[in-house]
Amino acid sequence: MMRPEEQTSRHLLLAVIITVFSSMLSFVTLVMVYGLGTLDGGCCKSR
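Residues numbered from 1 in each chain as written. Predicted model: local features only at pLDDT ≥ 70, side-chain atom pairs only at ≥ 80, totals over all residues. Heavy atoms only, no water.

**Focus on the overall build of the protein**
For clarity, the threshold we go by: For helices the rule is a DSSP run of H or I covering at least 4 residues; for strands it is a run of E covering at least 2, with both sets numbered from the N terminus onward. For every residue, the accessible area (1.4 Å probe, protein chains only) is compared with the maximum for its type, and the residue is labelled buried under 20%, exposed over 50%, or partly exposed between those bounds. A 1.4 Å probe and the Shrake-Rupley method give the accessible areas. Residues count as covered only by the protein chains that appear here.
Looking only at helices and strands, one finds two helices and zero strands in the protein. Residues classed as buried in the protein amount to 4% of the 47 residues present. In the form shown here, the protein has an accessible surface area of approximately 4,600 Å², with 74% of it arising from carbon and sulfur atoms.

Written out as structure tokens, the structure is:
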């Protein structure tokens, strides 16, 4: 059984990793949508 300090730090680390991962995923998706919509003219605008 782990000590409370180790368990807390592990949970905190996991929470930070998940937060960073989800924010990066959202940022990449936003950049891709924005880039496709403006730079390439978008699939919907060109047709």
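**A short note on a nonpolar patch on the surface**
Going by this rule: Patch construction takes residues with relative accessible area above 30% that form no salt bridge. Like charges are linked within 9 Å, and nonpolar side chains (Val, Leu, Ile, Met, Phe, Trp, Tyr) are linked within 5 Å. Each reported salt bridge corresponds to a side-chain nitrogen of Lys or Arg within 4 Å of a carboxyl oxygen of Asp or Glu.
Judged by side-chain polarity, L12, V16, V20, M24, F27, V28, V31 and M32 come together as a nonpolar surface patch covering roughly 770 Å² of accessible area. Among the structural elements, L12 can be located in helix α1 (residues 4-38). Judged by relative accessible area, L12 falls into the exposed class, the value being 58%.

**Remarks on the environment of S9**
Considering the arrangement of structural elements, one finds S9 in helix α1. On the basis of relative accessible area, S9 is assigned to the partly exposed category, the value being 41%.

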